[in-house]
Amino acid sequence: MDYTFQEGLAEGFKPDFERSIFLTPQHLRLQSEAGWCSFVMFRNADQKIVAEVHYHIHGSKASSPYQSPFGSFVFSKQISPDLLTGFVLFTEHKLVAKGVKSLLLKNPPEGYDK
């Protein structure tokens, strides 16, 4: 299967995982109207989002989340570890190119989505 890594939201595409309320575009805008940098990976065959992360950039710091209890990477259980690693590296390279020097990721507590 072919996948595409993209900076920005994948408008009109549905996630292939359950998205936390904290990661919906509406909730992100409630936290801050500006400063967001989103990344998605989608499966070309069915145009489903299989991984995403949203950072708020402030100066040289990027955080996920900004004002929510957690954010971080979310992804479908159907993607391989190698593909997920490629996506993480893609986001890292893009953030470095934007001048980001430090990164904060807050993962949800274990078992949150069960």
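All values derive from a computational prediction rather than experimental measurement.

Asker: I'd like a description of the side chain of Ser38, backed by residues and values.
Answerer: With respect to the helices, strands and loops of the structure, Ser38 is situated in strand E3 (residues 36–43). By relative accessible area, which is 9% here, Ser38 ends up buried. At 2.6 Å, the side chain of Ser38 forms a polar contact with the side chain of His54. The contacts of Ser38, once residues within four sequence positions are left out, are Gln6, Glu7, Gly8, Leu9, Val53 and His54.

Asker: Provide a residue-level description of the pairing of E3, including the pertinent values.
Answerer: Among the eight residues in E3, seven count as buried, and that is most of the element. Where strand E1 (residues 3–7) meets E3, five bridges bridge the pair, whose relative direction is antiparallel. Among the inter-strand pairings, Thr4 is bridged to a residue of E3, identified as Phe42. Connecting E3 to the antiparallel partner strand E4 (residues 48–58) that follows it, the hairpin turn spans four residues, and Gln47 within it adopts a positive phi of roughly 55°.

Asker: Quick rundown of helix H2 (residues 81–97)? Include the residues and the values.
Answerer: Taking 1.5 Å per residue, 17 residues should reach 24 Å; H2 reaches 24 Å between its end C-alpha atoms and fits that length. Taken together, the buried positions of H2 are occupied by Leu84, Phe87, Phe90, Thr91 and Leu95. Taken down its axis, H2 places every buried residue within 130° of arc, on the same side. Looking at H2, the residues exposed on the side facing more than 90 degrees away from the buried face are Pro81, Asp82, His93, Val96 and Ala97. The secondary structure elements touched by the buried residues of H2 are E1, E3, E4, strand E5 (61–64), strand E6 (74–75) and strand E7 (102–105). One or two steps after H2, the chain reaches Gly99, where phi turns positive at roughly 90°.

Asker: Account for unusual backbone geometry, with residues named and values stated.
Answerer: Unlike most non-glycine residues, Gln47 shows phi in positive territory, near 55°. Turning to its location among the elements, Gln47 is positioned in the loop between E3 and E4. The exposure class assigned to Gln47 is partly exposed, which follows from its relative accessible area of 44%.

Asker: Explain the pattern of salt bridges residue by residue, including any values.
Answerer: In the structure shown here, the tally under the stated rule is four salt bridges. For Asp16, the salt bridge identified is with Arg43, shortest N-O distance 3.0 Å. Placement of Asp16 in the loop between strand E2 (14–15) and helix H1 (25–31) and of Arg43 in strand E3 is noted, with a sequence separation of 27 residues between them. The partly exposed category is assigned to Asp16, whose relative accessible area is 24%. For Arg43, a relative accessible area of 6% corresponds to the buried category. Of the charged contacts in the structure, one is a salt bridge between Arg19 and Glu52, with a shortest N-O distance of 2.7 Å. With Arg19 in the loop between E2 and H1 and Glu52 in strand E4, this residue pair connects regions lying 33 residues apart in the sequence.

Parameters and conventions
- Residues numbered from 1 in each chain as written.
- Predicted model: local features only at pLDDT ≥ 70, side-chain atom pairs only at ≥ 80, totals over all residues.
- Heavy atoms only, no water.
- Helix = DSSP H or I, 4+ residues; strand = E, 2+ residues; numbered from the N terminus.
- Buried < 20%, exposed > 50% of the residue type's maximum accessible area, 1.4 Å probe, protein only.
- Polar contact = N/O pair within 3.5 Å; in protein donor to acceptor, adjacent residues only side chain to side chain.
- Contact = heavy atoms within 4.5 Å.
- Pairing = 2+ DSSP bridges.
- Expected span 1.5 Å × (residues − 1).
- Arc of directions from axis to C-beta.
- Salt bridge = Lys/Arg side-chain N within 4 Å of Asp/Glu carboxyl O.

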